Amino acid sequence: MMAQDASYSAGLTEQPLLEDTIPDNFDHTVREYGERDALVDVGSGRRWSYEKLAAEVDALAAGMLGLGLRKGDRVGIWAPNCPEWTMVQYATAKIGVILVNINPAYRSHELGYVLNQAGISVLFAIEELKGTSFRDMVGEVLPQSTTVRNVVYVQSPQWDALFAGGTDDQVAQIQAELSAEDPINIQYTSGTTGFPKGATLSHRNILNNGYFVGELCGYCAEDRICIPVPFYHCFGMVMGNLAATSHGAC
């Protein structure tokens with residue numbers, strides 16, 4: 001009788017998976033490393049400690065509630081790497097809103113497809129990149145969208161207004177009711193064989209992905225990590241951002 005081999009390779013299981021939500025894990029890091037640098041944007045010379053970043057994330061999450069967003073709604077982010085991208089990532093996680101990553105290289109027809117296919121309610125976007133007007137492309141596709149009710153341009157007065165109300169007790173209440181199994185992120189394929197396909201991921205999926213990459217790299221709070229890869233896909237926002245914040249690194 002022939003020996004039967006397993007149909008897959010199983011990794012080590014001595015170290016259990018994290019069962020936190022992303023905001024609970026982030027808040028734990030803030031309590032432990034609040035005064036340390038969390039985020040540095042070299043291009044603009046801006047920097048945030050964990051305490052400062054957490055305050056802005058909470059204020060942005062409250063501002064999102066003011067836009068009518070609720071758990072399970074989809075928010076699109078259409079921008080290259082910038083601090084505001086990271087703030088939107090953690091603010092949406094705070095209130096259980098599903099972040100939809102949109103490749104900043106998309107043209108109008110690709111943007112329009114994702115807006116409708118993902119059911120995006122609010123779109124965060126930059127106004128311009130390398131001479132291309134994102135505002136014009138948004139204006140071109142919005143009439144065909146059946147779901148988008150608000151567009152917020154980063155670093156605009158509307159963006160600033162989202163922070164005006166400060167923190168909101170409702171954010172903490174919503175966060176306390178979240179589960180690690182809740183969907184929190186949709187990432188799209190390149191679409192080389194047709195229209196892009198969206199994959200829905202949970203807190204548990206991407207937090208553990210980032211955390212164990214950080215473990216493998218030996219990250220700790222003393223580390224400063226350069227993230228030159230795009231945030232809109234798994235390498236940037238998960239193996240970059242979440243790997244860093246789950247270890248207290250900058």
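Here's what I pulled together on the structure shown here. What you see is a predicted model, and the numbers here were worked out from it, not measured in a lab.

Moving on: the packing of aromatic side chains. Counted under the stated rule, the structure contains seven aromatic pairs. Measuring from ring centre to ring centre gives 4.9 Å for Phe26 and Tyr90, while their planes differ by 40 degrees; the resulting arrangement is tilted. Separated by 64 residues along the polypeptide, Phe26 in helix H1 (residues 22–33) and Tyr90 in helix H3 (residues 83–94) bring together distant segments of the chain. Residues Phe26 and Tyr90 agree in their burial class; the two are buried. Three or more aromatic residues link up through ring pairs in this structure, and these residues are Phe26, Tyr50 and Tyr90.

Our next topic: the pattern of salt bridges. For the structure shown, the criterion picks out twelve salt bridges. For Asp58, the salt bridge goes to Lys94, with nearest N and O atoms at 3.1 Å. In this pair, Asp58 sits in helix H2 (residues 50–66) while Lys94 sits in helix H3, placing the two residues 36 residues apart along the sequence. Its salt-bridge partner being Asp182, residue Lys71 comes within 3.2 Å of it at the nearest N-O pair. One end of the pair, Lys71, is in the loop between H2 and strand E3 (74–78); the other, Asp182, is in the loop between helix H7 (169–176) and strand E9 (183–188), with 111 residues separating them in the sequence. The exposure class assigned to Lys71 is partly exposed, which follows from its relative accessible area of 47%. With relative accessibility at 15%, the residue Asp182 sits in the buried group.

About the thresholds
- Residues numbered from 1 in each chain as written.
- Predicted model: local features only at pLDDT ≥ 70, side-chain atom pairs only at ≥ 80, totals over all residues.
- Heavy atoms only, no water.
- Phe/Tyr/Trp six-rings, centres within 6.5 Å; stacked < 30°, edge-to-face > 60°.
- Helix = DSSP H or I, 4+ residues; strand = E, 2+ residues; numbered from the N terminus.
- Buried < 20%, exposed > 50% of the residue type's maximum accessible area, 1.4 Å probe, protein only.
- Salt bridge = Lys/Arg side-chain N within 4 Å of Asp/Glu carboxyl O.

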